[in-house]
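# Observations on the three-dimensional arrangement
Residue-level listing of the chains:
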Amino acid sequence: MAFLDNLFRKKNVDDAIASADRESEHGGGLQKSLGVVDLTALGIAAIIGAGIFSTIGSASFNGGPAVVFLFIFTALACGFAAFAYAEFASLIPVSGSAYTYSYVAFGELVAWIIGWALIMEYAVGNITVAVSWSGYFTGLCASAGWHIPSWATIDYVSARDGFEVANGLLKAGTPIASFTDAQREAYDAWANAPNIGGLRAILDLPAIIMSILITALVYVGIKESKTTANAMVVLKLVVVLLVIIVGAFYVDTTNWHPFTPNGFGGVMAGVSSVFFAYIGFDALSTTAEECKNPQRDLPRAMVYSIVLCTVLYIIIALVLTGMVNYKELDVNDPLAYVFSKINLKWFSGIIAVSAVVAMAGVFLVFQLGQPRIWMTMSRDGLLPRRFSKIHPTFRTPAFSTVITGLFVVVPMLFIPSDTVLDLCSMGTLFAFVLVCAGVLKLQMTPGSPRGKFRTPYLNAKWVYPAMLAGMALFLSMQYQKDTTDWITNAREMYDAETMFSRLSESEISGVKTYFAEQDSAGFAAAGGDLAQYLNAMNPEAYETAIENMPIPEEEKYASGWDLFQHKIPMWLFIFTCLWLVVLSFRHNLSLIPVLGLVFCFYMMAQIPAKSWFGFFIWLLIGLVIYFGYGYANSKLAKTGNA
């Protein structure tokens, strides 16, 4: 029992604050230089980046003009979580973010888990940002006549996997000219990379160089980082406002019809991309120890940055989908693309330059956050003391900052960007869920300490169950067949590209022969390109064509465990929602943190199961480190606190 009790030993709020004060008195404290304007600027610097310059394109492609609803949904989820963060930040105004909050609410083991998840959030999140930055920088160089080879702008695994997909399309009859930009880049990179000792030299060189330079800036100090971030924010806001003002004159409202071309499913298909556009505001809580007045300024800055950025996102989405048809927006640089379409290429250049600055600003804020997580965990004894060492001149966590840089640069060599995007979203949402749960835990624990800022209270006892029942009724009435098929695990037909990746070359050849005989005119009109032929069909014709193809059934449909495993996260979400009904009824819980937990868990459930598996592997590695070092060296273990 003592072992289990020690796993959940909790940090006292007063001790956490006193510990940070002692570090400051002995020269180990951080420089207090951030006000509400600085914090809001850091939040905007984190939020306005990859989302508004890149991922907004793919989200608009999936959801059409109705993608604005997804931005509102995501903003609500982040807003609910921001209230929980703000409440904890006012209670415990020290570095550490969700890690420190979980230490107070749940105990040491949960705190370690969330701290380890936050490390992954910032590290892999910055990999995604660095890769996006590299894409804009490479495009900018190309427009200036300086071409960077494909093998120097992509990671090894993405090049290898992309080459295999492209090779499969070639076998299906798709010409290289019809490849997407990403497929063509991967194919070229793998085919033309220098061969050194039998290994292809493939690495994203611009992203690596930028990562090293920004890490060096963060190493130098918070004041320099703050000044740089503020300058970046001013530039980004000016460019975004120019895009809105100029683009408004070219909006054709007929492009907004239909407003929801792909239904609710199409809108939610972009949830990961849109959510990634918002993460980063939580990095503000890691700077609490460097704030002049954290109890007052942190809550305000979080809310200000989310509200302002949401308004900008919605207006930008409406302008983009009004300037061109939503089907044209599945590109890496949607803002630059739409202005190129209306022959304002000089303005596209301005946007590209701004995007390069914006990505660097996001990277800067993330690199500020992670070292302070390392530092706080080290102060608690869960990591070696060296991680909390403050540079005598720069007053920054020097060693932790260097390790942070390595955690970004090294994985960037071999982890695909789409994988790190999912892992980043997992780590962030997991933190959001636990922070919301932490506020609820404090509410359910009599005599719990509370901060100066408190989340507005609305009793969830009846409201939340009613909302849940209403949603269940809506799904059963409006999406009866889809809901029934999901619950019963009815088989689902593969899309064309997924199916091609499962077929052998001889099977693809047989399918081509089949369609050439059954629909010679249509197949010939597609140029013998099997992918183009199938993708041009409407859903009913596609389903009929797949059913009649001369291949085994298991190559046409996902079924059984292969299908069910991807639904496990959603089942966990459903059970969590039901358990919250019980807790809300018993304890009169506050509605805002309940909805924050539900909204964030729902978005977690939309992330592919393979990313959940990768996330749990990361947590397992963390537990090995905790039980190998942190459990015995914890300051709470040495003082005997529990």
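What comes next concerns the included structure. (Residues numbered from 1 in each chain as written. Predicted model: local features only at pLDDT ≥ 70, side-chain atom pairs only at ≥ 80, totals over all residues. Heavy atoms only, no water.)

## As for the nonpolar core
- Ranked by size, the top nonpolar core spans 155 residues in total, and within it F53, I316, I351 and Y464 carry the most contacts.
- If you look at the next biggest cluster of nonpolar residues, it comprises 35 residues, including A172, Y494, A526 and L563. (Core = buried A, V, L, I, M, F, W, Y, C linked by side-chain atoms within 4.5 Å. Buried < 20%, exposed > 50% of the residue type's maximum accessible area, 1.4 Å probe, protein only.)

## Examining the pattern of salt bridges
- Considering all chains together, one arrives at five salt bridges under this definition.
- The closest approach of N and O atoms between K481 and D485, which form a salt bridge, is 2.7 Å. With a gap of four residues between them, K481 and D485 both fall in helix α20 (residues 480–488), about one helical turn apart.
- Taking relative accessible area as the criterion, K481 reaches 61% and is therefore assigned exposed.
- A salt bridge links K556 to E553; its shortest N-O distance comes to 3.3 Å.
- Owing to a relative accessible area of 2%, K556 belongs among the buried residues under this scheme. (Salt bridge = Lys/Arg side-chain N within 4 Å of Asp/Glu carboxyl O. Helix = DSSP H or I, 4+ residues; strand = E, 2+ residues; numbered from the N terminus.)

## Concerning unusual backbone geometry
- That bond from H257 to P258 is cis: its omega, 0°, falls within 30 degrees of zero.
- One can find P258 in the loop between α11 (222–248) and α12 (263–268).
- Although it is not a glycine, N489 sits at a positive phi angle of roughly 60°.
- Along the polypeptide, N489 turns up in the loop between α20 and β3 (492–493).

## Some details on a nonpolar patch on the surface
- Residues F264, M471, F474, L475 and Y479 make up a contiguous nonpolar surface patch of roughly 460 Å² in combined accessible area.
- The element best represented in the nonpolar patch is helix α19 (residues 460–478), accounting for three residues.
- Since its relative accessible area comes to 34%, L475 is described here as partly exposed. (Patch = residues over 30% accessible without salt bridge, like charges linked within 9 Å, V, L, I, M, F, W, Y side chains within 5 Å. Areas by Shrake-Rupley, 256 points an atom, 1.4 Å probe, with all protein chains shown as cover.)

Worth remembering: the numbers are spatial, not functional.
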